[in-house]
Amino acid sequence: MKPLVYLRYFFVFFSVSLFSQTQMYKSELSLDDIKNQSTLGSIVMVDGKILFNSNNYLLSCLEKGNHKILWERKIGWRSNQAPFTYNDSFFYGNYDGESRKVHQYDINSGKTIRILELQSISTKPYFKNSILYATAIADGGKLLAYDIENDKILWQQNINHGADVEPVYLKDKIITNAEDDLWFEIDYNGNFVINPSETITTIDDKKATVKKFQFLSHDGTPITKEWLKKNKLANSEFKIEKNQNYTFLLSERYLTVLGKKGNKKLQLDLETLVSPEEYENESLLDILSSENEKIWFVYQNHLIHYDVKKEKMLRNVYLNNWQPHQFILDGRNIWLISKNDGQLYHLDFEPDEDLNRKIQRENAIREHFRCDLPNPDKIKVAKEAEENLKNMQTDQ
């Protein structure tokens, strides 16, 4: 029976290691109607502060070290897109009941610095000195340059649905999506870069040359529809992350890693990491960071750290209890907005799951086979009891 007892305890310890998060903080937002709404909200970390927006249409700033709310502001706006930071300020939407505008806020006070003539900023902006370059909604989808200090639009081009796709900002030009798989080049003064050998089209009543591809990899290689079809990604939504050496594509089924010139280094079937029995519709799919040959991503409520070179999962933190909607990873700290209740959570997790399991396994084995050292006092008491028993039997 001993081995069976050991196995029972072994599996208990194994299970605990998968749920080793410690909840450090939970916000107390008033969200009475959360059950009747889909969760919308975003978080971003900057200068030791957490900015978050949830279903209560508030923008809040929390000091991450002590969980103190520094300020809150009613903005009449909720969005899955996080604020875009710039020096000691950030840009985010504001709805006053009549119109929606982008505000530049002071990060230390939450006060409005200026109101931009933009309805929203669609993709992560690029800053060159005090000029903001971005795709935005301003009476339609635009690519534009905004002079922050002088509070005016320097130039803009209509790109319609291309505003939903993040441009590639190079040293001397911007490569921007026009529609579907058409991309064009424009310089930082708003002038189209014309390449006579390429396809000529009209953008915003001006002639431009376009190339056809879906996106550019980390080394500027065009990735086409044909490439995606060949690699089982043609009909998939996927997240893209790039570092100096690789491009990572995360879809609902595969983690695909591209090396130089679009060469596929790895395509990992994610069902080998997470059982399909755990799959949930509309769970968060996101790449958090990639450093050299290792990547952190969220998949089916699992936070996974994967070594591409060794083709090995390093860590797997199961977050099903919190159902993450938005996510920040800061060392061994997790900040997330939960789909369960729309609240902000701060979690701490074991930095190395393999090591944690090994320690707990060794402790279980040690506990099972533990042999306590003899206790002199207990031995003495036992001998006295035995002697008294013998005397009693002799008297009878």
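Residues numbered from 1 in each chain as written. Predicted model: local features only at pLDDT ≥ 70, side-chain atom pairs only at ≥ 80, totals over all residues. Heavy atoms only, no water.

Here the focus is the pairing of strand β31 (residues 333–338). Where burial is concerned, most of β31 is hidden: 5 out of the 6 residues are buried. Bridge analysis of strand β30 (residues 324–330) against β31 gives 6 bridges, and the strand direction is antiparallel. For Phe-327, the partnering residue across the bridge sits in β31 and is Leu-336. The turn linking β30 back onto β31 is made up of 2 residues, and Gly-331 within it adopts a positive phi angle of 65°. With antiparallel pairing between neighbouring strands as the criterion, β31 and strand β32 (residues 344–348) make up a hairpin whose turn holds 5 residues, including Gly-342 at a positive phi of roughly 75°. (Buried < 20%, exposed > 50% of the residue type's maximum accessible area, 1.4 Å probe, protein only. Helix = DSSP H or I, 4+ residues; strand = E, 2+ residues; numbered from the N terminus. Pairing = 2+ DSSP bridges.)

Evaluation of the coordinates by the stated rule reveals 8 salt bridges. With a closest N to O distance of 3.5 Å, Glu-117 and Lys-101 form a salt bridge. With Glu-117 in the loop between β9 (112–116) and β10 (120–121) and Lys-101 in strand β8 (residues 100–106), this pair connects stretches of sequence that are 16 residues apart. Take Glu-117: its relative accessible area is 52%, and that puts it in the exposed class. Accessibility expressed as a relative area gives 25% for Lys-101, which makes it partly exposed. One salt bridge connects Glu-271 with Arg-253, and the closest N-O pair in it is separated by 3.8 Å. Residue Glu-271 is located in the loop between β25 (264–269) and β26 (285–291), and its partner Arg-253 is located in the loop between β23 (247–251) and β24 (254–258); the two are separated by 18 residues in the primary sequence. Within this structure, Arg-253, Asp-269 and Glu-271 form a network of salt bridges that share partners. (Salt bridge = Lys/Arg side-chain N within 4 Å of Asp/Glu carboxyl O.)

Now for the sheet that holds β32. The sheet built from 4 strands is open, its strands ordered β1-β32-β31-β30 with antiparallel pairing. Two strands close off the open sheet at either side, each with one partner strand: β1 (22–26) and β30. In this sheet, neighbouring strand axes are inclined to one another by 25° on average, regardless of whether the strands run parallel or antiparallel. Across 5 bridges, β31 lies against β32 in antiparallel orientation. By the bridge assignment for β32, Ile-334 is matched with Leu-347. (Axes fitted to C-alpha atoms, helices over the stretch in contact; angles between N-to-C directions.)

Moving on, we come to the packing of aromatic side chains. Summed over the entire model, instances satisfying the criterion amount to 15 aromatic pairs. Taking the centre distance of 6.4 Å and the plane angle of 50° together, the rings of Tyr-133 and Trp-155 count as tilted. Of the two residues, Tyr-133 is situated in strand β12 (residues 131–137) and Trp-155 in strand β14 (residues 152–158); the sequence distance between them amounts to 22 residues. Across this residue pair, the class does not change: Tyr-133 and Trp-155 are buried. Chaining the aromatic ring pairs together yields one cluster made of Tyr-126, Tyr-133, Trp-155, Tyr-169 and Tyr-188. Stacked on the ring of Tyr-188, the Lys or Arg Lys-128 has its end atom at 3.9 Å from the ring centre. (Phe/Tyr/Trp six-rings, centres within 6.5 Å; stacked < 30°, edge-to-face > 60°. Lys NZ or Arg CZ within 6 Å of the ring centre and 35° of its normal.)

Glancing now at the environment of Leu-344. Mapped onto the secondary structure, Leu-344 falls in strand β32. As a C-alpha pair, Leu-344 and Ile-43 span 301 residues in sequence and 8.8 Å in three-dimensional space. Other than its neighbours up to four places away in sequence, Leu-344 contacts Tyr-25, Lys-26, Ser-27, Ile-43, Ile-50, Phe-52, Leu-62, Trp-335, Leu-336 and Ile-337. (Contact = heavy atoms within 4.5 Å.)

Strand residues, when the strand is regular, have side chains that alternate between the two faces of the sheet. Here strand β17 (residues 182–186) lies mainly inside the structure; 4 of its 5 residues are buried. Taken together, the 5 bridges between strand β16 (residues 174–179) and β17 define a ladder with antiparallel strand orientation. Along β17, the bridge assignment pairs Glu-179 with Leu-182. Hairpin connection between β16 and β17: a loop of 2 residues separates the two successive antiparallel strands, and Asp-180 in this loop has a positive phi of roughly 50°. With 3 bridges connecting them, β17 and strand β19 (residues 206–212) associate as antiparallel partners. If you follow Leu-182 over to β19, its bridge partner there is Lys-212.

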